[in-house]
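Remarks on the overall topology
Next come the chains, spelled out residue by residue.
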Amino acid sequence: MRREDLRNIVIIAHVDHGKTSLVDCLLRQSGQFRDSQLVGDCILDSNDLERERGITILAKNIALPYQGVKINIIDTPGHADFGGEVERVLRMADGALVLIDAAEGVMPQTRFVLTKALQCRLKPIILINKIDRPDARPFEVLDEAFELLMELEGGHHLQEFPFIFTTAREGYATEAPAHRGDSMRPLLDMVLREIPGPEVEPDAPLQMLVTTLDWSKYVGRIAIGRIQAGTINQGQTVALLQADKTTTAKIAALYVFENLGRLQVEQATAGDVVAIVGLEQIEIGDTICHPEHPRPMPRLSVDEPTLEMVFTINNSPFAGRDGKYVTSRQLRERLYRELERNVALRIQPLEEGDGFRVSGRGVLHLSVLIETMRREGYELSVGKPHVILHEHNGVMEEPFETLTVEVPPEKVGPVMEMVGDRRGVISKIDTRHNFTYLVFAIPARGLIGLRTKLLNATQGEAIMHHRFEAYRPLEGDVPRRSNGVLISMTAGRAVAYGLNGLQQRSDLFVAPGDEIYEGMIVGENSRDNDMAVNPTKEKKLTNVRAAGSDENILLKPPRRFSLEAALEYIEEDELVEVTPTQIRLRKATLKEVNRRREGRRKA
């Protein structure tokens, strides 16, 4: 049977197409909150990293009442690197609101999320959002969505192709862009009309799949999922069907989602999205069942990672100065704890040394993990990102991605040249208003470090997006970093006099007064070779002075790296040292004599 008093929907879209803004609008118009409870924008992006970067990283659950029906809404990330978050929460929903920007149209992540939604048999509603943009082209974008649905073999949805036009900023939905609406009611009415209630077995034994894990320092793990069959009670003993064993546990507390928070209840029934406290050994993909009627549900499966990095402890001379957690045991515990909730992550200990090979969906996916760890007080060193190769029928294959670049027409030349050098092949060119849209197929290797170079070549006007496409035969070499680096040969503090002699031939990464150790990278050489330098060199003072012999030192501001830029910049023999307060670049082997010895051995 289907429950008609409940709707479970997921909001999916490309990054920055307005998912979280739409949820903000629905919250404000729901009448369930005071104005003081809904302050600012992107209300659901409560994580510090989400607010700083302006992107959604973690999926969120809320629930709103409308005309006697409870609507459970799941907000998801839009960036391709966090596709694992989207894939696992789709199992909780029966319908999907597919947001598409009225100007940008169908983008790479739109295709990805719609593909996954159709695989989970969700009923899609197309939302053409941001129709108030001056460059909006709502009907053209609607045609693109129609063609995409046909291409993805969603033809059974085309007869009843539900769509609506919205603007989250102005706060209304309408069936015709020319007619301004006054609220989001038409959208909510369409959800009740088009999205079916959850199909449940109310009288069958309990069955529930865990799709999300939350954690609280007060109660420990919190399992979140949708009840597929039966009822669940607070204090009930349940069976946990895990990948390799079956255990029993007692439910300490039971919550349902209500508005922005959770409401503790004594009982929940089939179709409800619930949060359960008390199951300490629970993992994502486990099935919660009645102890006498164990019926496992298919475990969650997500796409495999495409990129890997080596995480090791920080062994620089400055190790332990800033961080609280600095040992390999603490690093191991933290990484394996991340596996519990991050289903797209893979971790493998190295055979030699005390490092770990950590695999994810992209540089951003792994850099968010590193940034989270450094804010928690961890110190670590991270190696250069590498793509994960597969062997198929004796042929070595590498991941390819679809790259979309939006750029002014006069800047197309540098983009074509730069992407072409990295083995990118153009597949589509489209001109809209004052911008040209270029679509490439490019090896994932070629994307590492490309964003910074594109922004520099186009004076910051390029906008690029990418998503995984498929594995293809390995291409040829991709250009390395063209410049060498300056490596400090001494320890101490950088001095303006020493840096002044270096800035004529380099781009500096440090400023006067910065602490430096031997083997630390302090600048970029103007040539392609590495060079050992002394940035702590001071001017020798004598008792013989000549008028005009002192020169006025003017130093350029140093180049400071963000975490992603640092990870993309380093080469094979270099590491990024990450502490709660510092991001430094260094050589893996600190002493120059040892680096020379290694170079001779490799030669």
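Since this is a predicted model, take the numbers as computed values, not measurements.

Some thoughts on the overall build of the chain
For the chain, the helix and strand inventory stands at 14 helices and 35 strands. Relative to its length of 603 residues, the chain is compact, with a C-alpha radius of gyration of 27 Å against a globular reference of 25 Å. C-alpha atoms of the chain, sized along the principal axes, occupy 95 × 60 × 60 Å. Here the chain, with 603 residues, has 54% of them falling under the buried criterion. A sequence separation of at least 24 residues applies to 71% of the contacts in the chain between residues at least 6 apart. A total accessible area of about 27,800 Å² is found for the chain, and carbon and sulfur atoms account for 48% of it. When the 76 basic and 88 acidic side-chain charges of the chain are each reduced to a single mean position, those positions are 6 Å apart.

A short note on the sheet that holds strand β33 (residues 531–533)
An order of β30-β32-β28-β33 is seen for the four strands of this open sheet, with the pairing classed as mixed. Edge positions in the sheet fall to β30 (506–508) and β33, since each of these pairs with one other strand and no more. Ignoring which end each strand starts from, the neighbouring axes of this sheet average 35 degrees apart. Bridging between strand β28 (residues 485–488) and β33 involves three bridges; their strand directions are parallel. Bridge pairing in β33 places I487 opposite A532.

Re the packing of aromatic side chains
The full count for this structure, using the stated rule, is eight aromatic pairs. For the pair F509 and Y569, a centre-to-centre distance of 5.8 Å together with 85 degrees between the ring planes defines the contact as edge-to-face. Residue F509 is found in the loop between β30 and β31 (515–516), and its partner Y569 is found in helix α13 (residues 563–569); the two are separated by 60 residues along the sequence. Classification of F509 by relative accessible area gives buried; the value is 6%. On the basis of an interplanar angle of 50 degrees and a centroid distance of 5.1 Å, the ring pair of F561 and Y569 is categorised as tilted. Like F561, the residue Y569 is buried in the burial classification. By way of ring pairs, the aromatic residues F139, F163 and F165 are connected into one cluster. The cationic tip of R481 hangs over the ring face of Y569; the distance from NZ or CZ to the ring centre is 4.6 Å.

Some details on the environment of G355
Along the chain, G355 turns up in the loop between β19 (346–349) and β20 (356–360). Through-space distance from the C-alpha of G355 to that of A252 is 38 Å; in sequence the pair is 103 residues apart. Discounting chain neighbours no more than four positions away, the residues touching G355 are F311, T312, P349 and L350.

Some thoughts on the pairing of strand β35 (residues 583–587)
Among the five residues in β35, four count as buried, and that is most of the element. As paired elements, strand β34 (residues 574–578) and β35 share five bridges and run antiparallel to each other. In the strand pairing of β35, E574 is matched with K587.

Observations regarding the pattern of salt bridges
According to the stated counting rule, one finds 38 salt bridges in the structure shown. In this structure, R329 engages E333 in a salt bridge whose closest nitrogen and oxygen atoms are separated by 3.1 Å. With R329 and E333 both in helix α7 (residues 328–339) and four residues apart, this pair spans about one turn of that helix. Residue R559 is joined to E524 by a salt bridge in which the shortest nitrogen-to-oxygen separation is 3.4 Å. With R559 in the loop between β33 and α13 and E524 in strand β32 (residues 521–525), the pair connects residues that are 35 residues apart, well separated along the chain. What you see here is one network of salt bridges that share partners, running through R481, D530, D573, E574 and K587.

What counts, and at which threshold
Along each chain, residue indices are assigned from 1 in the same order as the chain's sequence is written. For this predicted model, a pLDDT threshold of at least 70 governs which residues receive local features, and a threshold of 80 or more governs which side-chain atom pairs are given and counted, while totals over whole chains, interfaces and linings are taken from all residues. Computation of side-chain values: all heavy atoms of the structure, hydrogens and water removed. Helix and strand assignments come from DSSP, with helices taken as H or I runs of at least 4 residues and strands as E runs of at least 2, each series counted from the N terminus. Throughout, radius of gyration means the C-alpha value; the globule benchmark is 2.2 Å times the number of residues raised to the power 0.38. Categorising residues by exposure relies on relative accessible area from a 1.4 Å probe, with only protein chains included: less than 20% of the type maximum marks a residue as buried, more than 50% marks it as exposed, and the intermediate range marks it as partly exposed. The contact criterion used is simple: two residues touch if any of their non-hydrogen atoms lie within 4.5 Å. The method behind every accessible area is Shrake-Rupley, applied with a 1.4 Å probe, and residues are considered shielded solely by the protein chains displayed. In this tally Asp and Glu are treated as negative and Lys and Arg as positive; neither His nor the chain ends contributes. Where a charge lies is defined by one atom per residue type, namely NZ (Lys), CZ (Arg), CG (Asp) and CD (Glu). Pairing between strands requires that DSSP locate at least two bridges from one strand to the other. Note on geometry: axes are C-alpha line fits, over the in-contact stretch for helices, and angles between N-to-C directions span 0 to 180 degrees. Here is the rule: rings of Phe, Tyr and Trp (six-membered ring for Trp) pair when centre to centre is within 6.5 Å. Planes less than 30 degrees apart are stacked, more than 60 are edge-to-face, and the remainder are tilted. Each ring is checked for a lysine NZ or an arginine CZ that lies within 6 Å of its centre and within 35 degrees of its normal; such an atom marks a charge sitting over the ring. Here a salt bridge means any side-chain nitrogen of Lys or Arg lying within 4 Å of a carboxyl oxygen belonging to Asp or Glu.

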